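Chain by chain, the residues:
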Amino acid sequence: MCGAALRGLRKGVRRGRWKRAVEVQAWLQARHGLELSLNGTRYWLKKAGGVLKVPRRTHALKNAAASERFQRTLARELWALGVPKEKPVRVWAIDEHRYGLISHQRRCWGMRRVRAYARYRTKYEWGYVATALEIAGPGEGLCVFFPTVNQEVSTRFLEQISQTDPEAVHVILQDRAGFHLRQGAAELRPTCGCCPCPPTAPNSTRSNAWAV
């Protein structure tokens, strides 16, 4: 393989341009006129630094520019909440997770060439676990189980967070779920401030904004 093709391959792998070896195979043939087998393509993928990975799922509508802008301007948005300077500030990222169990039919004994049946009726039961992780400071965590999610539950959860340190102001990073309290809501405690994340983007803890 020529140097230009290998450099382009490394660049593409680094940027996540391809997901399958067959895509790289087609690119090498169309761009550089190289006809390689799939095994040969995998060989050069490894030479370029590529490894097989299980990808992390991301929402199809996720806006990478909005996520980057959120990280860049987060410190400014936190200051805009009007937190009293004389009070300590604790920043939390929160989310809710639905958990439940769907029963499965296991194997059973029966006669050869005779179909076995099991009567069933699909039912769904679930609950929610609300979690909060402190971004800076002591790095505490909080976990509360709820049977459902709504604004009343969100209010109770924020009260639980506030009670961990009644003397501090608690800034909450959260997604834009309809049951989350918004900044300025009457139910929001004076010691809490809410900052929404970009749509379809998870709470990001990699921002340098915490340095302020």
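Residues numbered from 1 in each chain as written. Predicted model: local features only at pLDDT ≥ 70, side-chain atom pairs only at ≥ 80, totals over all residues. Heavy atoms only, no water.

**Side note on a positive patch on the surface**
Logical step 1: Together, R7, R10, K11, R14 and R15 line one region of the surface with positive charge.
Logical step 2: Mapping R15 onto the fold places it in the loop between helix 1 (3-14) and helix 2 (21-32).
Logical step 3: R15 sits in the exposed class, given a relative accessible area of 65%. (Patch = residues over 30% accessible without salt bridge, like charges linked within 9 Å, V, L, I, M, F, W, Y side chains within 5 Å. Areas by Shrake-Rupley, 256 points an atom, 1.4 Å probe, with all protein chains shown as cover. Salt bridge = Lys/Arg side-chain N within 4 Å of Asp/Glu carboxyl O. Lys, Arg positive; Asp, Glu negative; His and termini not counted. Charge placed at Lys NZ, Arg CZ, Asp CG, Glu CD. Helix = DSSP H or I, 4+ residues; strand = E, 2+ residues; numbered from the N terminus. Buried < 20%, exposed > 50% of the residue type's maximum accessible area, 1.4 Å probe, protein only.)

**So, the layout of surface pockets**
Logical step 1: Volume-wise, the largest pocket comes out at about 650 Å³.
Logical step 2: The set of elements that each furnish at least two residues to the lining of the largest pocket consists of helix 2 and helix 3 (38-47).
Logical step 3: Sorting elements by how many residues they give to the lining of the largest pocket places helix 3 first, with three residues.
Logical step 4: Here the lining of the largest pocket is composed, by residue class, of nine nonpolar, three polar and five charged. (1 Å grid on protein atoms, 1.4 Å probe; cavity = no way out; pocket = protein on both sides within 12 Å on 5 of 7 lines; lining within 4 Å. Points joined across faces, edges and corners; volume = space filled by probe spheres on them. Nonpolar A, V, L, I, M, F, W, Y, C, P; charged D, E, K, R; others polar.)

**Examining the environment of D165**
Logical step 1: Looking at the secondary structure, you find D165 in the loop between helix 5 (151-163) and strand 4 (169-174).
Logical step 2: Distance from D165 to T191, taken between C-alpha atoms, is 9.8 Å for residues 26 residues apart in sequence.
Logical step 3: Once residues lying within four places of it in the same chain are set aside, the contact partners of D165 are R90 and H170. (Contact = heavy atoms within 4.5 Å.)

**Some points on helix 2**
Logical step 1: Helix length check: helix 2 (12 residues) gives 16 Å between terminal C-alpha atoms against 16 Å at 1.5 Å per residue, within 8%.
Logical step 2: Within helix 2 the residues assigned to the buried category are A21, V24, W27 and L28. Viewed end-on, helix 2 has its buried residues packed into an arc of 115°, placing them on one side of the element.
Logical step 3: Residues of helix 2 that are buried sit in contact with helix 1 and helix 3.
Logical step 4: Where helix 2 ends, the next residue or the one after it, G33, has phi of about 65°, a positive value. (Expected span 1.5 Å × (residues − 1). Arc of directions from axis to C-beta.)

**Some thoughts on the side chain of H180**
Logical step 1: Relative to the elements of secondary structure, H180 occurs in the loop between strand 4 and strand 5 (192-196).
Logical step 2: The class for H180 is buried, based on a relative accessible area of 2%.
Logical step 3: Polar side-chain contacts of H180 include one of 3.0 Å to the side chain of D175.
Logical step 4: Apart from residues no more than four positions distant in its own chain, H180 is found in contact with I94, E96, Q151, S154, Q174 and D175. (Polar contact = N/O pair within 3.5 Å; in protein donor to acceptor, adjacent residues only side chain to side chain.)

**Overview of the pairing of strand 5**
Logical step 1: Counted residue by residue, strand 5 has four buried out of five residues, so it is predominantly covered.
Logical step 2: Pairing analysis gives five bridges linking strand 4 to strand 5, with the strands arranged parallel. Counted as the bridge partner of V171 is G193 from strand 5. (Pairing = 2+ DSSP bridges.)

**Notes on the packing of helix 2 against helix 3**
Logical step 1: Running from N to C, helix 2 and helix 3 point in directions that differ by 95°, and their axes come no closer than 9 Å. The orientation of helix 2 with respect to helix 3, classified from their angle, is roughly perpendicular. Facing A21, V22, V24 and Q25 of helix 2, the residues of helix 3 in contact are L38, T41, R42 and L45.
Logical step 2: Tallied by class, residues from the contact of helix 2 with helix 3 come to five nonpolar, two polar and one charged. (Axes fitted to C-alpha atoms, helices over the stretch in contact; angles between N-to-C directions. Parallel < 35°, antiparallel > 145°, perpendicular 65-115°, else oblique.)

**Notes on empty space enclosed by the protein**
Logical step 1: Going through the model one piece at a time under the given rule, you end up with one cavity of 30 Å³ or more.
Logical step 2: Its boundaries defined by the atoms lining it, the largest cavity holds a volume of some 30 Å³.
Logical step 3: No other element matches helix 5, which puts three residues into the lining of the largest cavity.
Logical step 4: Its residues assigned to classes, the lining of the largest cavity comprises six nonpolar, one polar and one charged.

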